[in-house]
Amino acid sequence: MRGVVQGKYFNLTPLPPPPDVLGNPLVVPDLPTRKLPRENWRSRLGRVLSRLHLGSQSAVMRQRWKLQDAIASAVASVSASAAMGTARGAGGRSSVPVVIVRHPYHLRHIFDLLPQIPDALAPERRFLELLASRILRKYGEHMSLVKGSPFSFEHESKEYFYAGFRLERHMKNISSPDEHFSATQNIYNAYFHGRNYYCFALLRREKLNPDNKLFMLYARACYFMARIDWSGQLQDKPVPRLLPKRDELMFYLQRDKTVLQRYRSDPDYQRQVKSVLEAFPD
C-alpha cells in the first residue's frame, strides 16, 4: 500500500509533454470523409433495436458501431466548429464525444483502437488509419512552425527512449525509497512518450532512418513498463496483462519499413525480431 501510506500515486497516464501542446486547437480541414465506409440501413436499424434492447447483434457489428462512433468523434473534434466550441459531432449527434485537440494524446482512444481492429472490419480500419495520418501530419506541420524547424515524431521518440534508458541504468545507485519512486515515474514517463511517438511516426508515415532501433526500443519499453505495479513498485517480471498483445506489435512492425527491409536481408536480425515477438502474449 505504498501509494496510500505515503500519499503518492503512480501516474500511469502522463499528460502530453508541455512543449508539444499547441496553443490553439488543432483544425484539420482536408479530412478524407468521402472515403468513409457508409452505414447501411441494416446497421442503422440494428442500432435502434440495440438501444431498445431488442434482438441480438454480432460482436463484429457492435465493434463496427464502436468504430463508426470513434471516427465521427475524431472528425468532429478536429473540425473548425470544435475549435470554436460549437461542434456537436458528425451529423449533429450530441451523443458523439467531441474534444478539443491540442496534442495527439487528446485522441488517444483513436490511436489505441487502431491495432485492435480485426480484418473483418478492414474498410473501417483503413479509413481510421488514413484519418489518423492526416491528423498527425497537420499536427506536425503546426509543431514545425512553433519550433521553427521540422518536427519529427521519430526524433522525439528516440530522445525519450534513450532518456528512459539512461535513467534506468542509474536505478541501481538509488537507495532512497522516495528517490526510487520518483526515478521510476520519470522512466515510465519517458518510455510512455517514446512508445506513443514511435507509433505516431509510423502512422504519420514518416521516412525513418534506415539504421534506427525504435522497434526494439519500443518492445523494451513495453516490457519495462509492464513490470511496474499501480503503486510504483518495480517487479522482477512483467505482469502479462500489462503487456501489449503480439498482434499489436505486429500491427506496428508491418508499418515500419526499416524493420521489414532489415528482417528480409539479415538472418540474425530476423531471429531477434522473432524472439521479441515470442516474449509477448497472444
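1. Thoughts on the confidence of the model for the protein chain
Stage number 1. Confidence in the prediction for the protein chain averages 87 pLDDT; 84% of positions are at 70 or higher.
Stage number 2. When the criterion is pLDDT under 50, residues 1–5 qualifies, and its contacts beyond four places in sequence or with other chains add up to eleven contacts.
Stage number 3. In this model residues 89–94 is a low-confidence stretch, pLDDT under 50, and it forms ten contacts with partners more than four residues away in sequence or in other chains.

2. As for unusual backbone geometry
Stage number 1. The phi torsion at Arg205 lies on the positive side, around 65°, for a residue other than glycine.
Stage number 2. Position of Arg205 among the secondary structure elements: in the loop between α8 (177–203) and α9 (214–225).
Stage number 3. Given a relative accessible area of 48%, Arg205 falls into the partly exposed group.

3. Brief notes about the environment of Thr184
Stage number 1. Here Thr184 lies in helix α8.
Stage number 2. Under the relative-accessibility criterion, Thr184 is labelled buried at 0%.
Stage number 3. On a C-alpha basis, the gap between Thr184 and Glu168 in space is 8.0 Å, while along the polypeptide they are 16 residues apart.
Stage number 4. If near-sequence neighbours (up to four positions away) are discounted, Thr184 is found in contact with Phe10, Met171, Ile228 and Gly232.
Stage number 5. From its side chain, Thr184 meets the backbone oxygen of His180 in a polar contact 2.8 Å long.

4. Describing helix α10 (residues 246–253)
Stage number 1. Within the sequence span of α10, burial applies to Leu249, Phe251, Tyr252 and Leu253.
Stage number 2. The inward-facing, buried residues of α10 abut α5 (108–113), α6 (122–147), α8, α9, α11 (257–265) and α12 (267–278).

5. Describing the packing of aromatic side chains
Aromatic ring pairs: the centre-centre distance and the angle between the two ring planes describe each pair.
Stage number 1. Evaluation of the coordinates by the stated rule reveals 18 aromatic pairs.
Stage number 2. Taking the centre distance of 5.3 Å and the plane angle of 85° together, the rings of Phe10 and Tyr188 count as edge-to-face. Of the two residues, Phe10 sits in the loop between α1 (2–6) and α2 (41–51) while Tyr188 sits in helix α8, which places them 178 residues apart along the sequence.
Stage number 3. Classification of Tyr188 as buried rests on a relative accessible area of 7%.
Stage number 4. When the centroid spacing of 6.0 Å and the interplanar angle of 40° are considered together, the rings of Tyr197 and Phe200 count as tilted. Of this pair, Tyr197 and Phe200 are both found in helix α8, three residues apart, which corresponds to roughly one turn of the helix. For the pair Tyr197 and Phe200, a shared accessibility class is recorded, and that class is buried.
Stage number 5. Through a chain of ring-to-ring contacts, three or more aromatic side chains come together here, namely Phe10, Tyr105, Phe111, Tyr139, Phe151, Phe153, Tyr160, Phe181, Tyr188, Phe192, Tyr197 and Phe200.

6. A closer look at the pattern of salt bridges
Stage number 1. As enumerated under the stated definition, the model contains eleven salt bridges in all.
Stage number 2. Among the salt bridges present, the one from Glu124 reaches Arg64, with a minimum N-O distance of 3.1 Å. Taken as a pair, Glu124 in helix α6 and Arg64 in helix α3 (residues 59–77) lie far apart in primary sequence, 60 residues in all.
Stage number 3. The shortest N-O distance in the salt bridge between Arg220 and Glu168 comes to 2.8 Å. Note that Arg220 is positioned in helix α9 and Glu168 in helix α7 (residues 153–169), a separation of 52 residues in sequence.
Stage number 4. Residue class for Arg220 comes out partly exposed when judged on its relative accessible area of 35%.

Criteria and thresholds
Residues numbered from 1 in each chain as written. Predicted model: local features only at pLDDT ≥ 70, side-chain atom pairs only at ≥ 80, totals over all residues. Heavy atoms only, no water. pLDDT = per-residue confidence, 0-100. Contact = heavy atoms within 4.5 Å. Helix = DSSP H or I, 4+ residues; strand = E, 2+ residues; numbered from the N terminus. Buried < 20%, exposed > 50% of the residue type's maximum accessible area, 1.4 Å probe, protein only. Polar contact = N/O pair within 3.5 Å; in protein donor to acceptor, adjacent residues only side chain to side chain. Phe/Tyr/Trp six-rings, centres within 6.5 Å; stacked < 30°, edge-to-face > 60°. Salt bridge = Lys/Arg side-chain N within 4 Å of Asp/Glu carboxyl O.

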